[in-house]
Every structure is written in structure tokens, then in C-alpha cells.
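# What the coordinates show
Here's the letter readout for the chains.
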Amino acid sequence: MNTNQTLEQMREMGLRGMVNSYKSQLELPIHHQLEGNELVAHLIESEKMNRSNERLGALLKIAKLRLNATPEMIDFEQGRNLNKGAFASLLEGNYLEKGTNVHITGSAGCGKSFLACAMGHKSCMMGYKTKYYNMNRLIETILLAKAGGTYIKLLNQIEKIQLLILDDFGLQSLNNVTRLALLQIIEDRYGKRPIIITSQLPVSAWHKYLGEETLADSIMDRLTGDSHRIELEGSSRRKKNNR
């Protein structure tokens, strides 16, 4: 079997990583090409890496993170109230396995969304199905689904997401439909799959924002009972980036 036939069989089997790696080897001078076990190991590693990259790309496409943020891009400068060691421990993923919620609060522009998207990127790298929603957009989606008869389908889809990110919680008022939907989303995920919430409002103000007391009690009990809290401080990052 010649090299062209080998490459064609790799393509037919969907071994794209191997195809590219083998082609690169063939382009090298003969005395630089790997042989035997070394070549096999190299091709397998290339295929493994390619599949990992393709899976990450697919998960990021599903996640629709608003910002292109990674943990390596996080700024831990003094005055942000963001501990590098504690955040690194969080990124190890225990909260994902235990279904522990994460609350990120702070003033406008202090980097809450960036932090949440970096955590979302990391969860995708770890193989977790992740989904980002701006809270205003989620409210619109819920109301449209309710009107269009796809409400239960939407709730079932959200339940299956392993990490849910709700950004800008507290900016848009809720009505009884959206309060009940939020309660159902949180109830479905409680203790199983975590939610990352970012908000300009401190956690202590969330009950008042939620409005109706009985529903607010139920939501807050499930949302804050066992959670990690990051309370960012400092001036707007947007102003610094525009200098």
C-alpha cells in the first residue's frame, strides 16, 4: 500500500488529525521522518489532540460566550478582591461536579462578565456542556417560548446544560411568568448542575429584586444555600482599557 492509499483510508475513517500529521511527516526529508513505533505514537497523539480541539470548538460554539476570555487572561492586580489561589482552586472544577453555584458581584465594568466567560471557557476545555445567557435575553427567550408553545422544551434543554451562566442578573424586572420559570430552572439544577450568576446587585439585594416574597424565598434558598461568592472591587476595567 502506498502513502496516497494510506492517507485516503485515514480520510475515510475520519482520522483528520492523523492525515495532517502524516502529510507533514511525508513533506520532511527522508532522514528526518519518524519510523515504526515513533511514527505510530506521533500519529495517535496528533489524532487525540485534533479530536480534543474539535470537541472544544463544538462546545464553545454551543456555549456562545459573550467574551473571548480564558483563565490565563484574568488580571489579579491588587484592589480587585480576587484571590489568585482561591480562583485557581475553583477552576479545578469541584463546583462543576458538586453542582455548587457561583455568584460574581460588583459594580459596572469591574470584570464580572469576563470572569464568568473565562470560567465558561475552562468548563468547555474540561468537556462540560456550557451555555451563556444574558439575563435580559433569557427573559425574552422564556416569554417567546411561553407564547409559542415551546416552554417545556426550553426548560428541558436548559436542564441538560452542565454549566449555565446568567449574566447581568437584576437589570430587568421580572413578572410572575419569568419568576416561576427562574424557580423551575434553579429547582431542576439544584445540587446537580451549577449556575454562575453575575450581578451589579449584592446578593443581599437579590430577594428584593425578585419581588414576590414566597417565590423569592424559594429561589434564594436554592440559589444561595451552598455557593461560592466572588465580590469584585475596583473601578471600571473598560475605562482602563480605553486609555
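Reference entry: report on the structure contained in this document. Keep in mind that this is a model prediction, so the values were computed, not measured. (Residues numbered from 1 in each chain as written. Predicted model: local features only at pLDDT ≥ 70, side-chain atom pairs only at ≥ 80, totals over all residues. Heavy atoms only, no water.)

## Remarks on unusual backbone geometry
Here is the rule we go by: Secondary structure elements are defined from DSSP: runs of H or I of at least 4 residues count as helices, runs of E of at least 2 residues count as strands, and each element is numbered from the N terminus. We call a residue buried when its accessible area falls under 20% of the maximum for its residue type, exposed when it is over 50%, and partly exposed in between, using a 1.4 Å probe and counting protein chains only.
A positive phi angle is found at Lys 64, which is not glycine, with a value near 50°. By secondary structure assignment, the location of Lys 64 is in the loop between helix 3 (36-63) and helix 4 (84-91). Residue Lys 64 is classed as exposed on the basis of its relative accessible area of 56%. Even without glycine at this site, Asp 168 takes up a positive phi of about 60°.

## Quick look at the packing of aromatic side chains
In plain terms, the rule: Two aromatic rings, drawn from Phe, Tyr or Trp (for Trp, its six-membered ring), form a pair once their centres lie within 6.5 Å of each other, and the interplanar angle then sorts them: stacked below 30 degrees, edge-to-face above 60, tilted otherwise. In this analysis the charged atom, NZ for Lys or CZ for Arg, is taken to sit over a ring once it is within 6 Å of the ring centre and within 35 degrees of the ring normal.
In total, this model carries three aromatic pairs according to the counting rule given. Three or more aromatic residues link up through ring pairs in this structure, and these residues are Phe 169, Trp 206 and Tyr 209. Directly above the aromatic system of Tyr 133 lies the positively charged group of Lys 131, at a separation of 5.7 Å from the ring centroid. A cation sits over an aromatic face here: Lys 146 above Tyr 151, 4.1 Å from the ring centre.

## Quick notes on helix 7 (residues 135-148)
Going by this rule: In this analysis, the expected span of each helix is defined as 1.5 Å times one less than the number of residues it contains. The directions from the helix axis to the C-beta atoms form the arc being described. In what follows, a contact means two residues having at least one pair of non-hydrogen atoms within 4.5 Å.
The first and last C-alpha atoms of helix 7 sit 20 Å apart over 14 residues, in line with the 20 Å expected at 1.5 Å per residue. Here helix 7 has its buried residues at Met 135, Leu 138, Ile 139, Ile 142 and Ala 145. Looking down the long axis of helix 7, one finds its buried residues gathered within 130° of arc, a one-sided arrangement. Among the exposed residues of helix 7, those oriented more than 90 degrees off its buried face are Arg 137, Leu 144, Ala 147 and Gly 148. Residues of helix 7 that are buried in the fold lie against strand 2 (130-134), helix 8 (151-160), strand 3 (163-167) and helix 9 (176-189). Positive phi appears at Gly 149, one or two residues downstream of helix 7, with a value of about 80°.

## Topic: the environment of Leu 34
Position of Leu 34 among the secondary structure elements: in the loop between helix 2 (16-27) and helix 3. You can call Leu 34 partly exposed: its relative accessible area is 28%. C-alpha of Leu 34 to C-alpha of Tyr 22: the two residues are twelve residues apart in sequence and 9.7 Å apart in space. Once residues lying within four places of it in the same chain are set aside, the contact partners of Leu 34 are Gln 25, Leu 39 and His 42.

## Notes on the packing of helix 4 against helix 6 (residues 112-125)
Put simply, the rule reads: To get an axis, fit a line to the C-alpha atoms, keeping to the stretch in contact for a helix; angles then go from 0 to 180 degrees between the N-to-C directions. If an angle is under 35 degrees, it is roughly parallel; if it is over 145, roughly antiparallel; if it lies from 65 to 115, roughly perpendicular; otherwise it is oblique. Throughout this entry, Asp, Glu, Lys and Arg are counted as charged residues, while Ala, Val, Leu, Ile, Met, Phe, Trp, Tyr, Cys and Pro are counted as nonpolar. The remaining residues, Gly among them, count as polar.
Where helix 4 meets helix 6, the axes come as close as 10 Å, and the angle between the chain directions of the two elements is 40°. As summarised for this structure, helix 4 and helix 6 are arranged oblique, according to the angle between their axes. Mapping the contact onto sequence places Phe 87, Leu 90 and Leu 91 in helix 4 and Leu 115, Met 119 and Lys 122 in helix 6. Split by residue class, the contact of helix 4 with helix 6 holds five nonpolar, no polar and one charged.

## Focus: the environment of Asn 83
How we decide: Each polar contact in these results corresponds to two N or O atoms within 3.5 Å; when the atoms are within protein, one needs to be able to donate a hydrogen and the other to accept it, and residues that are neighboring in sequence are counted only if both atoms are side-chain atoms.
Assignment of secondary structure puts Asn 83 in the loop between helix 3 and helix 4. As for Asn 83 and Ile 230, which are separated by 147 residues in sequence, their C-alpha atoms are 9.2 Å apart. A polar side-chain atom of Asn 83 sits 2.7 Å from the main-chain amide nitrogen of Ala 86.

So, to be careful, I would describe these as geometric facts and stop short of saying anything about function.
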